[in-house]
Amino acid sequence: MSSYDTIIIGAGLSGLAAGIRLAHYDRRVCILERHTTIGGLNSFYRLGGRNFDVGLHAVTNYTPKGARKGPLARLLRQLRFRWEDFALVPQIGSQIAFPGISLNFTNDFELFRSEVHQAFPAERANFDKLSAAIMDYDDLDGALASQSARSIVTQWIRDPLLIDMLFCPLQYYGGAREHDMDFGQFSIMFRSIFQEGFARPWSGIRQILKNLVRRFKELGGELRLRAGVQRMEVDDDRVSRIVLDDGSEITADRVLSSAGLVETLAMVDQQPARTPQPGQLSFVEGIAVLNEQPQKLGCDRSVIFFNDSDKFRWQKPDELVDVTSGVVCLPNNFKFDRPLEDAMVRVTALANYDRWRLLPPVDYQAAKQATYERIMEIVGRFIPEYRARTVASDMFTPMTVERFTGHANGAIYGSPEKRRHGTTHLKNLFLCGTDQGFVGIIGAMFSGIMIANRHVLGTVSTDLEQVAAVGVDF
Amino acid sequence: MGPAEIKETILDILEGIAPDEDLSGLKDDVPLREQLELDSMDFLDIVMELRKRYRVQIPEDDYLELATMNSTVNYLTPLMKDLEKV
C-alpha cells in the first residue's frame, strides 16, 4: 500500500498549486485525478483539430509585469514563477449591457469610474465612496465580511439599476449563492474585476496548467490520472485509508480535497452533524467558431455581461435556461501581438440542472441544439450578421459540468457554504479550491497555496491577512 | 560560513522567491518589505528555505530580525558560523 505525507484530490488549479508548495518543501505528495486529464473546472480539449478552453473566459486580478502588490504578484512569488510564465495579455475592454444603458470597463479603473459618473450622475459621490471603501477593505474575518453584500452596498448606492449592474459581472464570475453574496466576496471580486482587470494567455488555460504540472513533477510530485477516490475510511476522527475506484488503497497523513464540500463528504465514511447544502447554480455555454475575427465583424469587446430584464435575476431558472442575462466572451479581443488561431464566441447563461437531468435521453440532443440557437441569438446584438461565419460549434450543459467536474448539480461555483479556513469535521481532511471560497484562476491557485501553507507546512500565522488580498475570476 | 556568504545565501533565496526582481540595487539597511513589497508569506518562505537548506530553525518571535539584509545577516551569523555553504 502506498503511503504519502499528503494526498491531494483533484488536479485542478488549486490542487496543483498546493502540490507545488508541498513538493517544494520536500513533502511526499500525490495528486489523485479521476479524469484522464488535468484542469478540473478550468481545462481544455481538442475538437475537430481546434483547441478549446473550458472555464476560463478571462483571468482576473491582472497586474502588469513589475507590479509587486496584488494577488497575481504574490501568487507568482509563492509558486516561484516568472511573470512571463503565465504570459497574460490584457483585455481590450469589456462591457456591462443593460436595457438602454451600458458601462464599459478596462484594466484602468478610472475609465470605469468615469463611465459610472456619466451614466449615473446622482451616484457619483456614492460610487466613489463605495470603491474607496472596497479598495481599503481587507478584513475578511471582520463583522462586515459575512453580511449581505446587497444590504451593505445599498447603504452607499441608491439606484437599484447601478447596483444590479455592479453585481452582474461579479455574480457571473463567482456567485455560488442565489440573489446575493457576502460582502467579503463582493469586495475581493470588485477589486479583481474592476480595479485590477482581465487578461488571457494567448494559448489559453493550457499555458498556466502546463507550467503548474511541469513544476510539480520537476519537484518530485506524483500525479495520477484516472485515479478517482471511491471512499475514505475514518478512524478516530481522521482519514485513515483512501480507497480508489480501482480498489487499491493509499494512506496519507493528510488529505487536501479540491473536489468540493458536498462532494468530498460523499467520499467519507463518517458524516458531520450538519449536512451542507449543495450549489444550485449551473450554466450552459455555447461556443461558435467563426471564420473571421470578431473585430473585423464590428465587435471589439473582450467580455460582455448582459441583462435584458427590468431586474437582474441571479437564481436557478425555472426552465432549461434563462436567456434574459448572460455573458458573451470573445477570447480574440485581448491585446495579443498575433491573432489567435481560431476566432470564437462563447455565450454563458444560467441553467436548471434538474430540468436537464430529467430530459429523456431521446430529447437531450434536441434540447441542447435548441438552447444553443437561443443563446447564440444574443450574439447577433453585438456582432451583426455573424451566423453565416460559423464554421464549428460546441455546447456544454449542466450535465456536462457534472460529468467532467464531479460537481453536484453541475454547480460550477460549488456550495453556497464556503469554508474559508479549509477545515472539516475530520482532523486531517482539508478543503481547497472552489468550496474553500476563492474562485477563478488566481483565486483557485491561491486557495491551494493558502491551505497547503496553513494546514501542511504549518505556517498558521500567514493566512488571515492573505485571505482578503485574493481576487476571484471565472 | 561568514557574513558575506550568508548574504549570498539570502540573495539566492530572494532570487528564488522573486525571479522577476533585479536584486543588484538592493540596499542592505532598508527593510526588505519596503524595497520588494515582500509580505509575511514571503518572509515565512525565507525561514522555510533556511530550514530546508541548512536546518536552521528560526523561532517565530525572531522573525522581526529579518527586516533588513543587515539585520538578517547579523542575526544569522552566530547560527550559521559552523555551516558550509551549499
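Residues numbered from 1 in each chain as written. Chains lettered and ligands numbered in written order. Predicted model: local features only at pLDDT ≥ 70, side-chain atom pairs only at ≥ 80, totals over all residues.

Here we take up the overall build of chain B. Helix and strand content of chain B: four helices and zero strands. Each helix and strand of chain B, ordered N terminal to C terminal, gives the series α-α-α-α. In terms of overall dimensions, chain B is globule-like: its C-alpha atoms have a radius of gyration of 12 Å, near the 12 Å expected for 86 residues. In terms of overall dimensions, chain B has C-alpha extents of about 30 × 25 × 20 Å along its principal axes. For chain B, the proportion of its 86 residues judged to be buried stands at 28%. Long-range pairs, those at least 24 residues apart, make up 62% of the contacts in chain B between residues at least 6 apart in sequence. (Helix = DSSP H or I, 4+ residues; strand = E, 2+ residues; numbered from the N terminus. Rg over C-alpha atoms; globule rule 2.2 N^0.38 Å. Buried ≥ 20, exposed ≤ 12 C-beta atoms within 10 Å, placed from the backbone. Contact = placed C-beta atoms within 7 Å.)

The subject of this paragraph is the overall build of chain A. Secondary structure assignment for chain A yields 15 helices and 18 strands. For chain A, whose C-alpha radius of gyration is 21 Å, the value lies close to the compact-globule estimate of 23 Å for 474 residues. Seen along its three principal axes, the alpha-carbon backbone of chain A occupies a region of about 60 × 50 × 45 Å. With 474 residues in all, chain A has 53% of them scored as buried.

This paragraph deals with the domain arrangement of chain A. All names here are of chain A. When the domains of chain A are assigned, the result is domain 1 (2-43 + 203-277 + 413-467), domain 2 (92-196) and domain 3 (280-405). Centre-to-centre separation of domain 2 and domain 3, based on C-alpha positions: 24 Å. With 18 residues of domain 2 at the interface, the matching set in domain 3 holds 21 residues. Secondary-structure elements contributing two or more residues to the side of domain 2 that touches domain 3 are β6 (94-98) and α7 (160-172). Looking at the side of domain 2 that touches domain 3, the element that brings in the most residues is α7, giving six residues. Looking at the side of domain 2 that touches domain 3 residue by residue, the class counts come to ten nonpolar, six polar and two charged. (Domains from an automatic or database assignment. Nonpolar A, V, L, I, M, F, W, Y, C, P; charged D, E, K, R; others polar.)

Turning to the interface of chain A and chain B, a few remarks are in order. If you look at the interface, chain A gives 18 residues, while chain B gives 15 residues. For the side of chain A that touches chain B, the elements supplying multiple residues, two or more each, are α2 (71-79) and α15 (464-467) of chain A. The greatest single-element share of the side of chain A that touches chain B, amounting to three residues, is contributed by α2(A). Among the residues making up the side of chain A that touches chain B, the classes are represented as three nonpolar, six polar and nine charged.

Attention now moves to the packing of helix α1 (residues 3-17) of chain B against helix α4 (residues 69-80) of chain B. All names here are of chain B. Look at α1 against α4: their axes get within 9 Å of each other, and the N-to-C directions meet at 115°. The handedness of the crossing between α1 and α4 is right-handed. Listed contacts from α4 to P3, I6, K7 and I10 of α1 are M69, T72, V73, L76, T77 and M80. Looking at the contact of α1 with α4 residue by residue, the class counts come to seven nonpolar, two polar and one charged. (Axes fitted to C-alpha atoms, helices over the stretch in contact; angles between N-to-C directions. Left-handed = near helix turned anticlockwise from the far one by under 90°.)

Let us look at the sheet that holds β6(A). All names here are of chain A. Pairing is mixed in the open sheet, where seven strands are placed in the order β7-β6-β14-β15-β16-β13-β17. The two strands at the open ends of the sheet, each matched to only one other strand, are β7 (101-105) and β17 (390-396). With direction set aside, neighbouring strand axes in the sheet form an average angle of 20°. In terms of strand pairing, strand β15 (residues 321-329) meets strand β16 (residues 343-351) through five bridges, oriented antiparallel. Paired with V327 across the two strands is T348, which belongs to β16. (Pairing = 2+ DSSP bridges.)

Right, let's talk about α7(A) for a bit. All names here are of chain A. In this model, α7 (13 residues) spans 18 Å end to end at C-alpha, consistent with the 18 Å of a helix rising 1.5 Å per residue. Counted residue by residue, α7 has ten buried out of 13 residues, so it is predominantly covered. When we look at burial in α7, the residues that qualify are L162, D164, M165, L166, F167, C168, P169, L170, Q171 and Y172. The inward-facing, buried residues of α7 contact β6, β7, α8 (183-196), β14 (303-307) and β15. (Expected span 1.5 Å × (residues − 1).)

We now examine the environment of A:L16. Residues and elements named next belong to chain A. Counting through the fold element by element, L16 comes out in helix α1 (residues 13-24). Residues L16 and M445, 429 residues apart in the sequence, show an inter-C-alpha distance of 7.6 Å. If we ignore the near neighbours within four places in the chain, the residues touching L16 are A11, I31, L212, V213, F216 and G448.

Residue and element names in this part refer to chain B. Residue placement: T72 occurs in helix α4. The buried category is assigned to T72, around which 21 C-beta atoms lie within 10 Å. A sequence separation of 42 residues divides T72 from V30, and the C-alpha atoms of the two residues are 11 Å apart. Contacts of T72, omitting those with residues within four sequence positions, involve I10, E65 and L66.

Once that is clear, we can look at the confidence of the model for chain B. Chain-level pLDDT for chain B is 94 on average; 100% of the residues reach the 70-or-more range. Note on the complex model: pTM 0.95, ipTM 0.95. (pLDDT = per-residue confidence, 0-100.)

With that settled, consider unusual backbone geometry. Unusually for a residue other than glycine, A:D26 sits at a positive phi of about 65°. Relative to the helices and strands, A:D26 is located in the loop between α1 and β2 (29-32). Its 11 C-beta neighbours within 10 Å are what place A:D26 among the exposed residues. Phi is positive for B:R55, which is not a glycine, with a value near 60°. For B:R55, the position within the fold is in the loop between α3 (40-54) and α4.

Here we take up the nonpolar core. Of all hydrophobic cores here, the largest spans 141 residues; its most connected members are A:I7 and A:V328. Element by element, the count of residues in this core is highest for helix α14 (residues 441-455) of chain A, at nine residues. Each residue touching A:I7, except ones within four places of it in the same chain, is listed here: A:C30, A:L32, A:I242, A:I250, A:A252 and A:V255. Counting 18 residues, the second largest nonpolar core, distinct from the first, contains B:I6, B:L32, B:L38 and B:M80. (Core = buried A, V, L, I, M, F, W, Y, C linked by C-beta atoms within 7 Å.)

As a further point, take the pairing of strand β4 (residues 50-54) of chain A. Residues and elements named next belong to chain A. Sheet topology note: the strand β3 (residues 43-47)/β4 ladder contains five bridges and is antiparallel. Among the inter-strand pairings, S43 is bridged to a residue of β4, identified as V54. Between β3 and β4, which pair antiparallel in sequence order, lie two residues; one of them, G48, sits at a positive phi of approximately 55°.

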